[in-house]
Amino acid sequence: MTDNRLSAGDTAPAFSLQNANGDTVSLANYAGEKVIIYFYPKAMTPGCTTQACDFRDRLERFTADGYRILGISPDPVDKLEKFTEKEELNFPVLSDEDHAVAEAYGAWGEKKNYGKVYEGLIRSTIVVNEQGTVDVAQYNVRAKGHVDKLRRDLGLAEA
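None of the values given here were measured: they were computed from a predicted structure.

1. Some details on the overall build of the protein chain
Point 1. When helices and strands are counted, the protein chain shows 4 helices and 9 strands.
Point 2. Along the protein chain, helices and strands appear, N-terminal first, in the series β-β-β-α-β-α-β-α-β-β-β-β-α.
Point 3. Over its C-alpha atoms the protein chain spans a radius of gyration of 14 Å, differing by no more than 12% from the 15 Å that the globule rule assigns to 159 residues.
Point 4. Here the C-alpha coordinates of the protein chain stretch approximately 40 × 35 × 30 Å along the principal axes.
Point 5. Taken across its 159 residues, the protein chain has 47% of its residues classed as buried.
Point 6. Taking the intrachain contacts of the protein chain between residues at least 6 apart in sequence as the baseline, contacts between residues at least 24 apart amount to 63%.
Point 7. A total of about 7900 Å² of accessible surface is found on the protein chain, and carbon and sulfur atoms cover 46% of it.
Point 8. Positive and negative charge centroids in the protein chain, built from 19 and 25 side chains respectively, lie 8 Å apart.

Here it is, written out as structure tokens:
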């Protein structure tokens, strides 16, 4: 449900997930670094591709500003491998097939689409600081234009 949404000041839940190569990536790997974790519903769909490519195209700027990027979706590893290759993604995308990490981050819950109510992934972005604490938690973000808005929200120069 959506009642476990994170807020600034919360401790970011620990996780370990497989990336597109099947390697395990943990939040602990980024201890002492600022990390942007974004949750997206489905690889190779128009909105998710737009968002991933926006992060890809601005990765150098985010890195220069001291941020690492991690994308998380409920897609299986093999689909993420295809997505990474097709879109030439230059940051890890992680498989959360049982959506346990999305749930821990408040990015899984009730959605409405064309009048139907169902459980699913809520497009969300969580920024974790060097101490492992949430600095920014944004839910129900729009795919298009989100990366530029996030840069503005973080007080970073335009990419």
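2. Things to note about the pattern of salt bridges
Point 1. Across all of its chains, the model carries 8 salt bridges by this definition.
Point 2. D65 serves as the salt-bridge partner of R151, at 2.7 Å between the closest nitrogen and oxygen. Remark: D65 occurs in the loop between α1 (46–64) and β4 (67–73) and R151 occurs in helix α4 (residues 146–153); sequence separation between them is 86 residues.
Point 3. R151 sits in the buried class, given a relative accessible area of 0%.
Point 4. Close ionic contact of E87 with K86 constitutes a salt bridge, the shortest N to O distance being 3.2 Å.
Point 5. Overall, K86 belongs to the exposed group, its relative accessible area being 60%.
Point 6. Linked through salt bridges whose partners overlap, the residues forming this network are D54, R58 and D148.

3. Some remarks on the environment of T63
Point 1. Residue position: T63 is located in helix α1.
Point 2. In this structure the C-alpha to C-alpha distance between T63 and N113, which are 50 residues apart in sequence, comes to 35 Å.

4. Describing the sheet that holds strand β5 (residues 93–95)
Point 1. Read from one edge of the open sheet, 7 strands run β2-β1-β5-β4-β3-β8-β9, paired in mixed fashion. Every other strand in the sheet has two partners, leaving β2 (24–26) and β9 (134–139) as the edge strands with one partner each. On average, each strand axis in the sheet is tilted by 30° relative to the strand beside it, whichever way the strands run.
Point 2. For strand β3 (residues 34–39) and strand β8 (residues 124–128), the ladder comprises 5 bridges, and the chain directions are antiparallel. Paired with I36 across the two strands is V127, which belongs to β8.

Basis of the calculations
Residues numbered from 1 in each chain as written. Predicted model: local features only at pLDDT ≥ 70, side-chain atom pairs only at ≥ 80, totals over all residues. Heavy atoms only, no water. Helix = DSSP H or I, 4+ residues; strand = E, 2+ residues; numbered from the N terminus. Rg over C-alpha atoms; globule rule 2.2 N^0.38 Å. Buried < 20%, exposed > 50% of the residue type's maximum accessible area, 1.4 Å probe, protein only. Contact = heavy atoms within 4.5 Å. Areas by Shrake-Rupley, 256 points an atom, 1.4 Å probe, with all protein chains shown as cover. Lys, Arg positive; Asp, Glu negative; His and termini not counted. Charge placed at Lys NZ, Arg CZ, Asp CG, Glu CD. Salt bridge = Lys/Arg side-chain N within 4 Å of Asp/Glu carboxyl O. Pairing = 2+ DSSP bridges. Axes fitted to C-alpha atoms, helices over the stretch in contact; angles between N-to-C directions.

Interpretation in functional terms is not warranted from these geometric data alone.
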